[in-house]
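Listed below are the residues making up each chain.
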Amino acid sequence: PEAIPVPTPGAYPSTLREIGRVEPDFAQRRSMVREQVTAAARAEGLEADIDDALLDEVTALVEWPKALLARFDPEFLEVPAEVLIETMRSHQKYFPVRDAEGALAPRFVAVANIESHDPSQVVAGNERVIRPRFADAKFFWEQDLKTPLEAALERLDGVVFQDKLGSVGDKGRRIAKLARSMARMTGHDPEPVARAGLLAKCDLVSTMVFEFPALQGVMGRYYAARGGESPEVATAIEEHYLPRFAGDRLPTGPCGRLVALADRLDTLVGVFGVGLRPTGTKDPYGLRRSAIALLRILIETPIDLDLAELLDEAVAGYPAGVIAAGTAGDALAYVLERLTGYYQDQGIASDVVESVLATGATNAHLIDLRARAVAEFRGSTAATSLSAANKRIRNILQKADYGSHSGSTSPDPGLFQDTAEKDLWARISVVEEIVRPLLDARDYPAALTALASLRSDVDRFFDEVLVMADDAQVRTNRHALLGRLIALFQDVADISKLQPEAV
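Let me begin by describing the structure that accompanies this report. Worth saying up front: this structure is predicted, and the values here are computed from it rather than measured.

1. As for unusual backbone geometry
Working step 1: Each neighbour pair has its own omega, and for Leu242 with Pro243 the value is -5°, a cis peptide bond.
Working step 2: On the secondary structure map, Pro243 appears in the loop between α11 (231–239) and α12 (254–273).
Working step 3: Even without a glycine there, the phi angle at Arg21 is positive, about 55°.
Working step 4: Along the chain, the position of Arg21 falls in the loop between α1 (12–18) and α2 (26–42).
Working step 5: Backbone geometry at Arg442 places phi at a positive 60°, although glycine is not the residue there.
Working step 6: Looking at where Arg442 falls in the secondary structure, it is placed in the loop between α20 (419–440) and α21 (444–452).
Working step 7: On the basis of relative accessibility, which here comes to 32%, the residue Arg442 falls in the partly exposed class.

This is the structure:
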């Protein structure tokens, strides 16, 4: 009620805390909020649902937190829990509370910024404020349920996705078509996948999502289930938005994964196709996030599909003339560029990724298998020697303009002159027979181990054999031998790309 003297600068924090009832330290204040919210719920045998982002926001809103447990009418529990939670968190900054089974309880914790002489008045005020919010949410829910989810398709035709790419309704039909095609490729039932793709965006025109945009997908799941759609379709409608951010969970079922892929593929080729490629500062369509999501779903679930083929099919889903020529290739390069950062976060160096991509691989699942095999291989004793040898061979073949024929021509054993080249060819022939079934089985670590057995023969070849022989036939034959050696590694990685200090 009156000025508070601060005797010394060093006494400022403690004076604020002890007399002014202001906790100046953010971390301490955050801890106070968490402890008080938890204690308020547990006093009635309940558990507070503490979201870290909300915890930070409330901590920044209050100076002297006082958590209070309040109630709301249990009739509102007829509305999906996610709606009530979104209302509490986003609109009122309240912490939801759950019972012992994890179900939402008709309680919430409000954090006041004052130590009231009559806390019941503060509780009553918060209860009075939340009721009309929940009443609105209940009204939206009931109104939306009066119309089948599929009926929204016509309304989506009036919602612009992008002025050159048509409506959201057009996008939904493209997603359905592409998802159906991918289902066939992967051996899944195409009907529920296509159905989920068609309905995926329908909740965007619902009253509830208009009011609570963060619930897109979630409400689609509820409306689809209420409308008699299968659990697989209903779940996929929600999960096709996953992952929403870095580190977020992935779709759990094949239906959701394929619709998630189709949605992002369609957006990528569409936005690239009309010349709106993201820049260093602008990415209004979230293409970086979409590209990472594509890679994560393909690699981590995993899905054995070729990304280049998928992008071509996505382009084909648009009317002729809409998408610029070369779009699929540009989009492919953009997505693959994201792999360096993706693997860097996992401790796999960029030159390992480069060595795999240099082979022209475009199946993200197989790229992952190869990259992990090469990362393990680089720690072997043969890695440095074979990497240097591969680099030397490529330089030799490039200077001889033999690169385009590399691996396609077999050497003529009758033209071998030195024992070292005869022995190397014999070893290559043996290793080829070992490696071929390993590559077919995608056992890349075992394939690299077999290839590493060539090390001593390769080293001996370069010590004893003059590749650039005077005799043109002998020289060309030796080029063919080295080309065959390079081709063996090419089915895994171009290990010449590995940096000497790294291998």
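2. Description of the side chain of Asp248
Working step 1: Along the polypeptide, Asp248 turns up in the loop between α11 and α12.
Working step 2: We note that Asp248 is buried and unpaired, the nearest opposite charge coming from Arg244 at a distance of 4.5 Å.
Working step 3: At a separation of 2.8 Å, a polar atom in the side chain of Asp248 contacts the main-chain amide nitrogen of Arg244.
Working step 4: Leaving out residues up to four positions away in the same chain, Asp248 has contacts with Leu242, Pro243 and Arg296.

3. Some thoughts on helix α13 (residues 287–300)
Working step 1: The first and last C-alpha atoms of α13 sit 19 Å apart over 14 residues, in line with the 20 Å expected at 1.5 Å per residue.
Working step 2: Across the 14 residues of α13, ten count as buried, placing the element largely inside the fold.
Working step 3: Within α13 the residues assigned to the buried category are Leu287, Ser290, Ala291, Ala293, Leu294, Leu295, Arg296, Ile297, Leu298 and Ile299.
Working step 4: Where α13 is buried, its residues meet α12, α14 (307–316), α15 (327–337), α16 (339–344) and α18 (364–377).

4. Re the pattern of salt bridges
Working step 1: According to the stated counting rule, one finds 40 salt bridges in the structure shown.
Working step 2: One salt bridge in this structure joins Arg30 and Asp56, with 2.5 Å as the shortest N-O distance. Here Arg30 is found in helix α2, whereas its partner Asp56 is found in helix α3 (residues 52–61), with 26 residues between them in sequence.
Working step 3: For Arg30, a relative accessible area of 23% gives the class partly exposed.
Working step 4: Since its relative accessible area comes to 32%, Asp56 is described here as partly exposed.
Working step 5: The residue Arg277 makes a salt bridge to Glu337 at a minimum N-O spacing of 3.9 Å. With Arg277 in the loop between α12 and α13 and Glu337 in helix α15, the pair connects residues that are 60 residues apart, well separated along the chain.
Working step 6: What makes Arg277 partly exposed here is its relative accessible area of 42%.
Working step 7: Each of Lys171, Arg174, Lys201, Asp263 and Asp266 takes part in one network of salt bridges that share partners.

The rules we used
Residues numbered from 1 in each chain as written. Predicted model: local features only at pLDDT ≥ 70, side-chain atom pairs only at ≥ 80, totals over all residues. Heavy atoms only, no water. Helix = DSSP H or I, 4+ residues; strand = E, 2+ residues; numbered from the N terminus. Buried < 20%, exposed > 50% of the residue type's maximum accessible area, 1.4 Å probe, protein only. Lys, Arg positive; Asp, Glu negative; His and termini not counted. Salt bridge = Lys/Arg side-chain N within 4 Å of Asp/Glu carboxyl O. Polar contact = N/O pair within 3.5 Å; in protein donor to acceptor, adjacent residues only side chain to side chain. Contact = heavy atoms within 4.5 Å. Expected span 1.5 Å × (residues − 1).

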